[in-house]
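What follows is the residue order along each chain.
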Amino acid sequence: MGLFDGVRCEYPLPKSPAPPEDPEFQTKSLPDPYLREFVIKADGRLVQEVEDGQEVEVDYHGDIFFYDLNLETNEWWEYKARFTKGRLSSVKLHLYRPPLV
């Protein structure tokens, strides 16, 4: 099972299929996942939320896979965000599983 980190995405996600309504995701892509909270800002910066609402920019270089599951419909979204020195260079839908009917 293991721990994960949270990712909130303020950056626009691909429109098709429609992204989840709640932009809160999980990831195990970052080093030593430990229930930390990260934000992909609308301007493409990656920040970590720390105590007292402070944010610290993260100089991450590589791919982050982040995902969400709708437990009611079993719909799954997984995105791949590529960062170069802490700046988002691309975000793509990596995997999508439609709702079960």
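Presented here is an overview of the structure given in this document.

Cut-off values and rules
Residues numbered from 1 in each chain as written. Predicted model: local features only at pLDDT ≥ 70, side-chain atom pairs only at ≥ 80, totals over all residues. Heavy atoms only, no water. Helix = DSSP H or I, 4+ residues; strand = E, 2+ residues; numbered from the N terminus. Buried < 20%, exposed > 50% of the residue type's maximum accessible area, 1.4 Å probe, protein only. Contact = heavy atoms within 4.5 Å. Pairing = 2+ DSSP bridges.

Okay, the environment of glycine 44 next. Within the element layout of this structure, glycine 44 appears in the loop between strand 3 (37–40) and strand 4 (46–49). Among the residues examined, glycine 44 registers a relative accessible area of 2% and is labelled buried. Other than its neighbours up to four places away in sequence, glycine 44 contacts Tyr11, Phe83, Gly86, Arg87 and Leu88.

Attention now moves to the pairing of strand 3. By the bridge criterion, 4 bridges tie strand 1 (residues 5–9) to strand 3 in an arrangement that is parallel. For glycine 6, the partnering residue across the bridge sits in strand 3 and is glutamate 37. Taken together, the 4 bridges between strand 3 and strand 4 define a ladder with antiparallel strand orientation. Opposite phenylalanine 38, over in strand 4, you have glutamine 48 as the bridge partner. A loop of 5 residues connects strand 3 with strand 4, the two strands running antiparallel in sequence, and glycine 44 in this loop sits at a positive phi of about 95°.

Nothing here speaks to function; it is geometry throughout.
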